Amino acid sequence: MRMVFRWFGEGNDTVSLEQIRQIPGVEGIVWALHDCLAGEEWPMDRIMNVRDQALRAGLHTEVVESVNVHEDIKLGLPTRDLYIEKYVRTIEKLAQVGVKVICYNFMPVFDWVRTDLHKRMDDGSTALFYEKVKTTDTDPSELVKSIMNNSDLSMPGWEPERLAHLTALFESYRDVTEEDLWRNLGYFLDAIIPVAERCGIQMAIHPDDPPWPIFGLPRIMTSQANLRRFLQLHDSPANGITLCSGSLGANPSNDIIAMIHEFAERIPFTHIRNVRVYDNGDFIETSHRAQDGTVDITGIVKAYHNVNFAGYCRPDHGRHIWDEECRPGYGLYDRALGIMYLWGAWDTLERTKQQSEKRNLS
Ligand code: DNO
């Protein structure tokens, strides 16, 4: 398991590369050119700039998250070919600087969605919270208004420049079904996976977060059966998954351990984090510790250990603790604690395995 840490870039993150470097066992950053909009081709000089900055801090840049997919591709519009060409050129450039894995998602309009970015917990920390009824019963036009009036909300996919187009976007998705989305995803994969194969890159789709339709928009990366269908859509080692335990774990019927065993060969990258799911479908993000949430984190680490997982792993969203001011979910402290929890579980399993191998030899 190779530990990496998400970094949003100079001036865009409260965490520094030097701090990341001091978290035990972290070898690289998970990065992106966050100001490049979906559909834009990434400029080579800026790619090299991040690579050089990271290298100077002793970190690699082998994992990119995300190269975002333009809505026209998800919608299957004629203009998609133009955006796919740009996407392909970005893949080729990233390969040139040694990138090995590119994470992306295929969620219409929004990326991850929460309804409260600073929900206060009993211990005084705050965390990302999702109240289901707010994303299922809300009329999209009301939603646009409430997002626009709430300056506290700043989420991927909710950037002001995109919000202005939100109403029109909702309109374009009105007749798009899940099957349309599957077809459009297949078209995209057929175009990019051969390029990734040639470049030595593994593409790794991120599950939908939360893993169900929101605001009437279809979502398909939601379950074990759908991930299986996804892998078959373009059957290649370069077509993989970013297995995110927190996203999939928001639906308690998702058996993440079974997914790890079934898809092991096709998981180049994993996000490990916990959530506590309530009976009404709401959930809150907790510390990584298994007992704090409803996702079996130690069982998940054990499953990765069983399949000899050699891919990249990052802790995912953390709570905001010790008065840290940071990007929602992306502070230093709780994610660093998360890493130590994951290493603790992993190293114990590793040590036990080595000891039993030694015993068997003697
Ligand atoms: C949330 C992240 C997602 C992820 C994208 C990948 O914190 O896990 O935003 O980066 O969905 O495309």
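This text goes with the structure placed above it.
Just so you know, these numbers come straight off a predicted model, no measurement behind them.

For helix α2 (residues 44-56), spanning 13 residues, the distance from its first C-alpha to its last is 18 Å, which sits close to the expected 18 Å at 1.5 Å a residue. Ile47, Val50, Gln53 and Ala54 are the residues of α2 that are buried. Axial view of α2: buried residues confined to an arc of 130°, hence all on one face. Within α2, the exposed residues directed more than 90 degrees away from the buried face are Asp45, Leu55 and Arg56. Where α2 is buried, its residues touch α1 (17-21), β2 (26-31), β3 (60-65) and α4 (80-96). One or two residues past the end of α2 sits Gly58, with phi positive at roughly 80°.

With that out of the way, let us pick up the site of the ligand. What surrounds the ligand is a group of 14 residues, the closest being Glu65, Ser66, Asn105, His317 and Tyr330. Side-chain polar atom of Trp112 to an oxygen atom of the ligand: 3.4 Å apart, as the coordinates give it. In this structure, His317 approaches the ligand through a side-chain N or O atom, which is 2.4 Å from an oxygen atom. Considering the ligand on its own, with 330 Å² of exposed area, one finds that the protein chains cover 98% of that surface. Here the shell around the ligand is composed, by residue class, of five nonpolar, five polar and four charged.

Rules of the game
- Residues numbered from 1 in each chain as written.
- Predicted model: local features only at pLDDT ≥ 70, side-chain atom pairs only at ≥ 80, totals over all residues.
- Heavy atoms only, no water.
- Helix = DSSP H or I, 4+ residues; strand = E, 2+ residues; numbered from the N terminus.
- Expected span 1.5 Å × (residues − 1).
- Buried < 20%, exposed > 50% of the residue type's maximum accessible area, 1.4 Å probe, protein only.
- Arc of directions from axis to C-beta.
- Contact = heavy atoms within 4.5 Å.
- Near = heavy atom within 4 Å.
- Polar contact = N/O pair within 3.5 Å; in protein donor to acceptor, adjacent residues only side chain to side chain.
- Areas by Shrake-Rupley, 256 points an atom, 1.4 Å probe, with all protein chains shown as cover.
- Nonpolar A, V, L, I, M, F, W, Y, C, P; charged D, E, K, R; others polar.

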